[in-house]
Structure formats: structure tokens, C-alpha cells
Amino acid sequence: MRPVRFQAHDVAVVHANHTLCSHESSADYHAILLAISPRLEQEMKSLTPTLFVGFYHYVWQPDFHLTDEQTENVVRLLMLLKSISESMTQSREMILKGLLHILATVLQDYRRENGKEDSPLSPRQELFIRFHQAVVEHFRQSREVRFYADLFCLTPKHFATIIKQQTGITASQWISSYVMIQAKTLLRHQHQLTVQQIALRLGFPDQAAFSRFFKVNEGVSPTEFREK
């Protein structure tokens, strides 16, 4: 929920279920996107849990800058990953896991070398990460702060205070924003789905309830947003 302006040799790591929205780019913009399935991410975490613990720091600072040499090394790894992923060798997945492990290690090393020292996550940071994961899992079921506070055995007031102090954004805004991101993505890119179908997919009882929620948060109806 924050804008990032990428310059040459910038890299970012975002987790599964996070949504990227492109706002604008220059005519000479060029980037490489590596997408890893949630299944493969979980398998990698189970194989090397200590390495992926550090990846939670990317929640707070997903982007950092590389030197010329570091960029060349990362691009070579990415091109090798692309080549292997397109091959039909029987050991493809095993090789990909090995290369992804190397890439994760290299990025962690470069992050530290370039001044991004990661201190241990505070209990409040860990609570926010767990909260975000809960929203991803349960947003279709509930959009109420009380529901998420109950998951962590906290009162809604205390839970909301922690999230606001930690992120500067209220828990209710986090929930609504996540739902809106999902809604906008479906409206923009899933044209075969009706607004009613999108409403049901997002956990709303009907199109009317979805339209009211959408208009409160966006200022226009889902149909008007889709027709822009």
C-alpha cells in the first residue's frame, strides 16, 4: 500500500498474494519479473526455513538498489532460471529449487552489503504479518476488525491500536484496501465475469452489497469503474 519508484538496478521482493499495480513508466523502462507459485515457495521454505525467515523483512522494505556488478550477477541467474524453466528435462524442478536457493542467498547477501541491515522483527511487526496473512485467507469470510482481533485473542480496540501504531494505517483500512485491490483486478482483467459473479467471488452476499462497499471506498460503482 505504498508507491515505489524504480530506478536502474533496483530490485524488489514481494510475497505471494501481494498485488502489484503499475501507475506509470518511462519510455525506456525495462524490467524482469520472476513469479514463483505459492506451492514452490512453501516447498522452498520447508527446505531452508532459516533463509526464508529473513524474507519477511521485505514486507517493510521490498525494494533496494544493486551495484552494476551485482545487477549483472542477478540477471545472469534470472536468465538461467528462465532457460531451465523452459526446458523439458526431468530434473527441471530440482534444478530450479537449487537456483532459487542461490538467488535468495545472493539477494540477502547483497541487501546486507548495501546497507539494509535486518534487525529481528518486533512482536508488533510479527502481528502485522500474521494479520495480513489472515486477511488474505479470510477476507471473503469477514471484513470486520473484530473477526481478526478474535483470531489473535485481542480486543478489537487493542488490536486496532497496534496495527495503526505499527503501520500508520487502520486495520479497517488494510482490510478494505485489500478487498478493493482484488475487486479492481477482477473488474479490469476478468471481463468474462459479471459484477454479480465478482461480488460472489469476493464473498459479498449479492451485487448490491458489493456495489455499496465499492462506491464507499472508490467513489464510483463497480460498473462505472469498469467502463472507465
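Before any of the text, the structure's been laid out above.
Cut-offs used in this document
Per-chain numbering applies: the sequence of each chain, read as written, is numbered from 1 onward. Residue-level local features of this predicted model are given only where pLDDT is at least 70; pairs of side-chain atoms are given and counted only at 80 or more, and the full residue set underlies all totals for whole chains, interfaces and linings. In computing side-chain properties, one takes all heavy atoms of the structure into account and sets aside hydrogens as well as water. Counting from the N terminus, the helices are the DSSP runs of H or I reaching at least four residues and the strands are the DSSP runs of E reaching at least two. For every residue, the accessible area obtained with a 1.4 Å probe (protein chains only) is divided by the maximum for its type, and the residue is called buried under 20%, exposed over 50%, and partly exposed between those limits. Values of accessible area rely on a 1.4 Å probe in the Shrake-Rupley scheme; residue burial ignores everything except the protein chains shown. For salt bridges, the criterion is a side-chain nitrogen of Lys or Arg within 4 Å of an Asp or Glu carboxyl oxygen. To define a nonpolar core, start from buried Ala, Val, Leu, Ile, Met, Phe, Trp, Tyr and Cys residues and group those joined through side-chain atoms within 4.5 Å. Note on contacts: a residue pair is in contact if any heavy atoms of the two residues lie within 4.5 Å. Fitted lines through C-alpha atoms give the axes, limited to the stretch in contact for helices. The angle between two N-to-C directions lies from 0 to 180 degrees. For classification, angles of less than 35 degrees are called roughly parallel, those exceeding 145 degrees roughly antiparallel, those between 65 and 115 degrees roughly perpendicular, and all remaining angles oblique. Helix crossings get a hand from a simple test, with the near helix turned counterclockwise from the far one by less than a right angle marking a left-handed crossing and a clockwise turn marking a right-handed one. Throughout, the ten residues Ala, Val, Leu, Ile, Met, Phe, Trp, Tyr, Cys and Pro are labelled nonpolar, Asp, Glu, Lys and Arg are labelled charged, and all others, Gly among them, are labelled polar.

Draft legend 1. Spatial organisation of the overall build of the chain. Counting its secondary structure elements, the chain contains 11 helices and 2 strands. Along its sequence from the N terminus, the chain presents helices and strands in the succession β-α-α-β-α-α-α-α-α-α-α-α-α. Projected onto its principal axes, the C-alpha coordinates of the chain cover approximately 50 × 40 × 40 Å. Counting all 228 residues of the chain, 36% fall into the buried class. Of the roughly 14300 Å² that the chain leaves accessible, carbon and sulfur atoms contribute 54%.

Draft legend 2. Structural view of the pattern of salt bridges. Evaluation of the coordinates by the stated rule reveals 7 salt bridges. Across the pair Glu93 and Lys97 runs a salt bridge, and its minimum N-O distance is 3.7 Å. Of the two residues, Glu93 and Lys97 both sit in helix H4 (residues 92–113), 4 residues apart, roughly one turn of that helix. Overall, Glu93 belongs to the partly exposed group, its relative accessible area being 35%. With its nearest N and O atoms 2.8 Å apart, the salt bridge here joins Asp109 to Arg112. In this pair, Asp109 and Arg112 both sit in helix H4, 3 residues apart, roughly one turn of the helix. Given a relative accessible area of 31%, Asp109 falls into the partly exposed group. Within this structure, Arg39, Glu43, Glu93 and Lys97 form a network of salt bridges that share partners.

Draft legend 3. Region of interest: the nonpolar core. With 36 residues, the main nonpolar core has Phe131, Tyr148, Phe159, Leu202, Phe204, Phe210 and Phe214 as its most contacted residues. Going through the elements one at a time, helix H5 (123–138), helix H6 (145–151), helix H7 (156–167), helix H8 (171–189), helix H9 (195–201) and helix H10 (207–218) are the ones with two or more residues in this core. In terms of residue count, the dominant contributor to this core is H8 (9 residues). Once residues lying within four places of it in the same chain are set aside, the contact partners of Tyr148 are Phe131, Ala134, Val135, His138, Phe139, Ser142, Phe159 and Ile175. With 18 residues, the next largest nonpolar core counts Leu66, Leu77, Leu78 and Leu107 among its residues.

Draft legend 4. Representation of the packing of H5 against H8 in the model. Direction vectors running N to C along H5 and H8 enclose 40°, while the axes themselves pass 10 Å from each other. What the angle tells us is that H5 and H8 run oblique. Note that H5 runs across H8; the crossing there is right-handed. Judged by residue contacts, Phe128, Phe131, His132, Val135 and Val136 of H5 engage Ala171, Trp174, Ile175 and Tyr178 from H8. Residue composition of the contact of H5 with H8, grouped by class: 8 nonpolar, 1 polar and no charged.

Draft legend 5. Representation of unusual backbone geometry within the structure. Not every positive phi belongs to a glycine, and His9 is a case in point at roughly 70°. Looking at the secondary structure, you find His9 in the segment before strand E1 (10–12). Take His9: its relative accessible area is 29%, and that puts it in the partly exposed class. Even without glycine at this site, Cys153 takes up a positive phi of about 55°. By the element assignment, Cys153 lies in the loop between H6 and H7.

Draft legend 6. Expanded view of the packing of helix H1 (residues 38–47) against H4. As a packed pair, H1 and H4 sit with axes 11 Å apart at the nearest point and diverge in direction by 65°. By the angle between their axes, H1 is roughly perpendicular relative to H4. Seen along the crossing, H1 lies across H4 with a hand that is right-handed. Residues Arg39, Leu40, Glu43, Met44 and Leu47 of H1 lie in contact with H4, whose contacting residues are Glu93, Lys97, Leu100 and His101. Within the contact of H1 with H4, the residues separate by chemical class into 4 nonpolar, 1 polar and 4 charged.

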